[in-house]
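Chain by chain, the residues run as shown.
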Amino acid sequence: MDEPVLLTGAGGRVGQAILRGIGDDYEWRLLDREPLPAAKVPAGVTDADRYVADITDERAVREAVADVGAVIHLAGDPRKTAPWDSVLRNNIDGAQVVMRAAAEAGVERFAFASSNHAVGGYETEERTPDLYREDDDYRLDGTELPRPGNLYGVSKAAGESLGRFYHDEYDMSVVCVRIGNLTKDHPPREYERGQAMWLSHRDCAHLFDRCLRADYGYEVVYGISDNDRRYYSIERAREALGYDPADNSADYTFEGEPKPDRDPDGRGEYAADPDVAADDAPAEPNFPADPDDA
Ligand SMILES: NC(=O)C1=CN([C@@H]2O[C@H](COP(=O)(O)OP(=O)(O)OC[C@H]3O[C@@H](n4cnc5c(N)ncnc54)[C@H](O)[C@@H]3O)[C@@H](O)[C@H]2O)C=CC1
Ligand SMILES: O=C1O[C@H](COP(=O)(O)O)[C@@H](O)[C@H](O)[C@H]1O
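Residues numbered from 1 in each chain as written. Chains lettered and ligands numbered in written order. Predicted model: local features only at pLDDT ≥ 70, side-chain atom pairs only at ≥ 80, totals over all residues. Heavy atoms only, no water.

## Considering the pairing of strand 1 (residues 5-8)
Part 1 of the argument: Side chains of strand 1 alternate between two faces, with V5 and L7 and L6 and T8 buried alike.
Part 2 of the argument: Note: strand 1 against strand 4 (residues 70-73), four bridges, orientation parallel. What sits directly across from L7, in strand 4, is I72. (Buried < 20%, exposed > 50% of the residue type's maximum accessible area, 1.4 Å probe, protein only. Helix = DSSP H or I, 4+ residues; strand = E, 2+ residues; numbered from the N terminus. Pairing = 2+ DSSP bridges.)

So, in structure tokens, the structure goes:
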């Protein structure tokens with residue numbers, strides 16, 4: 001792709017996983033409401049391509065999106081306990097502002113960070129915890145209706161609907177990635193659900209790379225690694241995007257240590273990020289910590 005790619009929420013966990021993986025492969029415009037320290041910015045991104053702005057600021061977003069070929073939209077409140085006023089502003093209104101600006105500017109591809117929580121309601125008492133185990137064959141594949149388990153999930157389902165609308169009205173290619181649980185270096189420790197929906201950093205970067213390169217219309221795909229434990233199918237991501245994940249939570253013990261008899265090949269290929277703790281996810285920089293994320 002010759003045109004720049006706008007990455008919103010560039011300073012966060014997902015944004016940094018993408019930039020560490022494919023930061024050298026594209027010309028970037030980075031937008032975040034927090035200024036990004038130099039360590040979070042790939043070499044070659046000039047000050048003019050760094051936007052400190054809120055995604056609900058229509059003027060700033062229009063400026064950032066001008067002449068870009070693609071958008072990866074991550075900015076928002078990622079907390080599953082986020083209150084309505086926050087998800088309404090940051091996730092729903094924010095997504096609408098970014099998508100409308102992109103569609104009106106003629107952006108070709110738009111990748112939206114949706115979430116497992118858009119379908120959390122399928123994890124019923126009858127299905128869990130078996131659902132999280134390797135021998136259970138229940139699968140969500142992206143064709144099912146959203147079934148959010150919280151208001152955060154409602155906001156992600158709304159974002160998916162906005163994507164459908166802007167695809168249908170403007171013919172912008174839109175892919176909604178229902179991201180599982182992104183952690184660095186190893187799957188979430190001692191957490192069956194998290195291990196079933198683990199997305200490693202390198203698979204995350206590869207998946208969004210495919211979102212920037214593949215040809216598609218409107219897609220809803222699951223963003224998880226090639227985990228033996230899983231209740232999300234990654235077939236659609238493979239077919240529509242050419243996603244070919246490298247990692248599998250089964251290569252690690254339940255406690256998150258690499259199994260000696262399995263080879264999670266290529267682990268550690270990214271240089272250590274001084275701003276991101278190696279162990280699990282850091283606390284969200286802009287919103288109070290989720291009380292469930294001990
Ligand atoms: N980390 C994960 O495992 C998952 C993340 N997601 C989604 O991926 C996206 C990124 O998540 P994380 O990187 O984990 O979150 P994060 O909190 O680490 O990063 C979000 C970034 O967006 C920025 N931001 C937030 N609201 C903004 C606004 N109104 N205007 C401009 N910038 C704003 C923040 O400053 C921050 O740098 C979110 O939309 C989240 O819902 C979905 C599923 C799983
Ligand atoms: O959407 C998200 O999901 C992940 C995983 O959810 P959890 O319920 O297993 O914690 C979460 O870590 C992330 O913060 C959130 O944005």
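On we go.
## Description of the environment of D32
Part 1 of the argument: Looking at the secondary structure, you find D32 in strand 2 (residues 28-32).
Part 2 of the argument: Measuring from C-alpha to C-alpha, the distance between D32 and L7 comes to 8.5 Å, with 25 residues separating the pair along the chain.
Part 3 of the argument: If we skip the residues at most four places from it in the chain, D32 touches G9, A10, G11, G12, Y51, V52 and A53.
Part 4 of the argument: A distance of 3.0 Å separates a polar atom in the side chain of D32 from the backbone nitrogen of E34. (Contact = heavy atoms within 4.5 Å. Polar contact = N/O pair within 3.5 Å; in protein donor to acceptor, adjacent residues only side chain to side chain.)

## Details of the packing of aromatic side chains
Part 1 of the argument: Taken as a whole and assessed by the stated rule, the structure comprises seven aromatic pairs.
Part 2 of the argument: With a centroid separation of 5.5 Å and an interplanar angle of 55°, the aromatic rings of Y132 and Y231 are classed as tilted. One end of the pair, Y132, is in the loop between strand 5 (109-115) and helix 4 (151-170); the other, Y231, is in the loop between strand 9 (218-223) and helix 7 (235-241), with 99 residues separating them in the sequence. Residues Y132 and Y231 agree in their burial class; the two are buried.
Part 3 of the argument: The rings of Y132, Y222, Y231 and Y232 are connected pair by pair, giving a single aromatic cluster.
Part 4 of the argument: Geometry around Y122 places R147 over its ring, the cationic atom sitting 5.2 Å from the centre. (Phe/Tyr/Trp six-rings, centres within 6.5 Å; stacked < 30°, edge-to-face > 60°. Lys NZ or Arg CZ within 6 Å of the ring centre and 35° of its normal.)

## Observations concerning the pairing of strand 2
Part 1 of the argument: With respect to burial, strand 2 is a largely interior element, five of its five residues being buried.
Part 2 of the argument: Burial along strand 2 is two-sided: the face carrying W28, L30 and D32 and the face carrying R29 and L31 are both buried.
Part 3 of the argument: As defined by bridge partners, strand 1 adjoins strand 2 across four bridges and the pair is classed as parallel. Bridging from a neighbouring strand, T8 pairs with L31 of strand 2.

## A look at the UniProt feature "domain: NAD-dependent epimerase/dehydratase" (unreviewed entry) in the protein chain
Part 1 of the argument: Those places that UniProt annotates as "domain: NAD-dependent epimerase/dehydratase" (unreviewed entry) correspond, in this numbering, to residues 5-183.
Part 2 of the argument: Span residues 5-183 is 34% helix and 18% strand, its end C-alpha atoms 24 Å apart. (UniProt positions renumbered as here; feature names shortened; annotations may be inferred.)

## Some remarks on the nonpolar core
Part 1 of the argument: Formed by 49 residues in total, the largest nonpolar core has its most connected members in L7, I18, W28, L30, I72, F208 and L241.
Part 2 of the argument: The element best represented in this core is helix 6 (residues 201-213), accounting for six residues.
Part 3 of the argument: Not counting the four nearest positions on each side in its chain, I18 is found in contact with L7, G23, W28, I72, L74, C204, A205 and F208.
Part 4 of the argument: Membership of the second largest hydrophobic core comes to 29 residues, among which are I55, V98, A102 and M172. (Core = buried A, V, L, I, M, F, W, Y, C linked by side-chain atoms within 4.5 Å.)

## Quick word on the UniProt feature "active site" (unreviewed entry) in the protein chain
Part 1 of the argument: Taken from the UniProt record, the annotation "active site" (unreviewed entry) applies to Y152.
Part 2 of the argument: Structurally, Y152 is set in helix 4.
Part 3 of the argument: Residue Y152 is classed as buried on the basis of its relative accessible area of 8%.
Part 4 of the argument: The residues contacting Y152, other than those within four sequence positions of it, are D77, P78, R79, K80, V87, N91, S115 and H117.

## Thoughts on the pattern of salt bridges
Part 1 of the argument: Overall, the coordinates contain 26 salt bridges when judged by the stated rule.
Part 2 of the argument: In this structure, R262 engages D251 in a salt bridge whose closest nitrogen and oxygen atoms are separated by 2.6 Å. With R262 in the segment after helix 7 and D251 in the segment after helix 7, this residue pair connects regions lying 11 residues apart in the sequence.
Part 3 of the argument: On the accessibility criterion, R262 (31% relative accessible area) is partly exposed. (Salt bridge = Lys/Arg side-chain N within 4 Å of Asp/Glu carboxyl O.)

## Describing the site of ligand 2
Part 1 of the argument: The local shell around ligand 2 holds 13 residues, among which P78, K80, S115, Y152 and Y191 are the closest.
Part 2 of the argument: Contact distances for ligand 2 include 2.7 Å between an oxygen atom and a side-chain N or O atom of Y152.
Part 3 of the argument: N181 is positioned with one of its side-chain polar atoms (N or O) 3.4 Å from an oxygen atom of ligand 2.
Part 4 of the argument: Burial of ligand 2 by the protein amounts to 88% of the accessible area it has alone, namely 380 Å².
Part 5 of the argument: Classifying every residue of the shell around ligand 2 gives three nonpolar, five polar and five charged. (Near = heavy atom within 4 Å. Areas by Shrake-Rupley, 256 points an atom, 1.4 Å probe, with all protein chains shown as cover. Nonpolar A, V, L, I, M, F, W, Y, C, P; charged D, E, K, R; others polar.)

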